[in-house]
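# Structural features, examined
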Amino acid sequence: MSVDIGNRLRHLRMLHNLSQRELAKRSGVTNSTISLIESNSTNPSVGALKRVLDGFPIGLAEFFAFEPERPRKAFYAAEELVEIGKGPISYRQVGESLFGRSLQILKECYQPGSDTGKVPLVHEGEEGGIILSGRLEVSVDDERRILGPGDAYYFESRRPHRFRCVGGAPCEVISACTPPTF
């Protein structure tokens, strides 16, 4: 049985109304450590996870036994989408918590020239999206395409990939990934 430590930690942090920075400060670890754990980009050691959980405080046994109720909400107004991005890329997520969910849906907005970084993203799962406006350069492995309104992408997320807004206008995308990894 696999335990989604990242989404479990994010759910617990949001339940306590803590930012990643505040939890990092309370637990004596770096903000990037919290971010890496929550995005499931790193699998923390028992000691590291214990230090993070001390910031709540909650014990390891309670953390792994914790089973929040699945959200039953089915509809979300535009202002209820949760901003999880920062800087020139906005990621507005459908649903506050993805704990126990299999799918993540985002409304993304890339400002002109913004990109996801020089180092390609790699994670488990699948993702896809449809360009609503603007132009987005999508690189997957060694293949690169510039997509415009109505164009789409869909690929296995373990393939190295990156996104970059090209042109002078912002680019809006509706995307989904499974399992939730952002």
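Check the entry above for the structure.
The structure reproduced in this document is the subject of the present report.

Secondary structure summary: the protein chain contains five helices and nine strands in total. Listing the helices and strands of the protein chain from first to last along the sequence gives α-α-α-α-α-β-β-β-β-β-β-β-β-β. In terms of overall dimensions, the protein chain is globule-like: its C-alpha atoms have a radius of gyration of 17 Å, near the 16 Å expected for 182 residues. C-alpha atoms of the protein chain, sized along the principal axes, occupy 50 × 35 × 30 Å. Classification of the 182 residues of the protein chain by burial places 40% in the buried group. Contacts in the protein chain between residues at least 24 apart in sequence constitute 64% of all its contacts with a sequence separation of at least 6. On the protein chain, roughly 10400 Å² of surface is accessible, and the fraction owed to carbon and sulfur atoms is 54%. Here the protein chain holds 23 positive side-chain charges and 23 negative ones, and the gap between their average locations is 4 Å.

A word on a nonpolar patch on the surface. A surface patch of nonpolar side chains, about 400 Å² in accessible area, is lined by Leu103, Ile105, Ile130, Leu132 and Ile174. Assignment of secondary structure puts isoleucine 130 in strand S4 (residues 126-133). Judged by its relative accessible area of 46%, isoleucine 130 falls in the partly exposed class.

Definitions and cut-offs
- Residues numbered from 1 in each chain as written.
- Predicted model: local features only at pLDDT ≥ 70, side-chain atom pairs only at ≥ 80, totals over all residues.
- Heavy atoms only, no water.
- Helix = DSSP H or I, 4+ residues; strand = E, 2+ residues; numbered from the N terminus.
- Rg over C-alpha atoms; globule rule 2.2 N^0.38 Å.
- Buried < 20%, exposed > 50% of the residue type's maximum accessible area, 1.4 Å probe, protein only.
- Contact = heavy atoms within 4.5 Å.
- Areas by Shrake-Rupley, 256 points an atom, 1.4 Å probe, with all protein chains shown as cover.
- Lys, Arg positive; Asp, Glu negative; His and termini not counted.
- Charge placed at Lys NZ, Arg CZ, Asp CG, Glu CD.
- Patch = residues over 30% accessible without salt bridge, like charges linked within 9 Å, V, L, I, M, F, W, Y side chains within 5 Å.
- Salt bridge = Lys/Arg side-chain N within 4 Å of Asp/Glu carboxyl O.

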